[in-house]
Amino acid sequence: MFNFKLPEIGENITSGHVVKIRVTPGQVVQKDQTLLELETDKASLDVPSPCDGVIREILIKEGQDVKIGEVMMRMETD
C-alpha cells in the first residue's frame, strides 16, 4: 500500500485547499493522471498521481485544507 502525500508544490507554500477530488475508491489510475485540484494562496493546480495504481482510500474531503506531507490517499501499486 502506498500512502500518497501532498508533495512540495512551491517555495514557501505549506498547505493548500482541496477544490475537487477527481478520483473515487476502486478507480484505476495512471501515472500523471490528475487526482485532485488544489488551490493555494498563489495558484490553482492539478495534483497528479506519482504512479500507476488503484485508489483504495481517500482520506480528505473537498473543501478541506491539507498540509505538505499530509497523507491524502492510499493506493495499491504493483
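Before reading on, note that the structure itself is shown above.
Let me sum up the structure you'll find in this document. (Residues numbered from 1 in each chain as written. Predicted model: local features only at pLDDT ≥ 70, side-chain atom pairs only at ≥ 80, totals over all residues. Heavy atoms only, no water.)

## Re the overall build of the protein chain
Move 1: What the protein chain contains, in helices and strands, is 0 helices and 8 strands.
Move 2: In the protein chain, the order of α-helices and β-strands from amino to carboxyl end is β-β-β-β-β-β-β-β.
Move 3: Expected size for 78 residues packed as a compact globule is a radius of gyration near 12 Å; at 12 Å, the protein chain falls within 12% of this value.
Move 4: Considered along the principal axes of its C-alpha atoms, the protein chain spans approximately 35 × 20 × 20 Å.
Move 5: Sorting the 78 residues of the protein chain into buried and exposed places 29% on the buried side.
Move 6: Accessible surface for the protein chain amounts to roughly 4800 Å². Of this, 44% is attributable to carbon and sulfur atoms.
Move 7: On the protein chain, the mean spot of the 9 positive side-chain charges and the mean spot of the 14 negative ones are 4 Å from each other. (Helix = DSSP H or I, 4+ residues; strand = E, 2+ residues; numbered from the N terminus. Rg over C-alpha atoms; globule rule 2.2 N^0.38 Å. Buried < 20%, exposed > 50% of the residue type's maximum accessible area, 1.4 Å probe, protein only. Areas by Shrake-Rupley, 256 points an atom, 1.4 Å probe, with all protein chains shown as cover. Lys, Arg positive; Asp, Glu negative; His and termini not counted. Charge placed at Lys NZ, Arg CZ, Asp CG, Glu CD.)

## A closer look at the pattern of salt bridges
Move 1: Counting across every chain of the model gives 4 salt bridges.
Move 2: Among the salt bridges present, the one from Asp 32 reaches Lys 31, with a minimum N-O distance of 3.9 Å.
Move 3: A residue is classified by how much of its surface remains accessible, and Asp 32, at 53% relative accessible area, is exposed.
Move 4: Put simply, Glu 76 and Arg 56 hold a salt bridge, and the shortest N to O gap is 2.9 Å. Remark: Arg 56 occurs in strand β6 (residues 53-58) and Glu 76 occurs in strand β8 (residues 71-76); sequence separation between them is 20 residues.
Move 5: On the basis of relative accessibility, which here comes to 40%, the residue Arg 56 falls in the partly exposed class. (Salt bridge = Lys/Arg side-chain N within 4 Å of Asp/Glu carboxyl O.)

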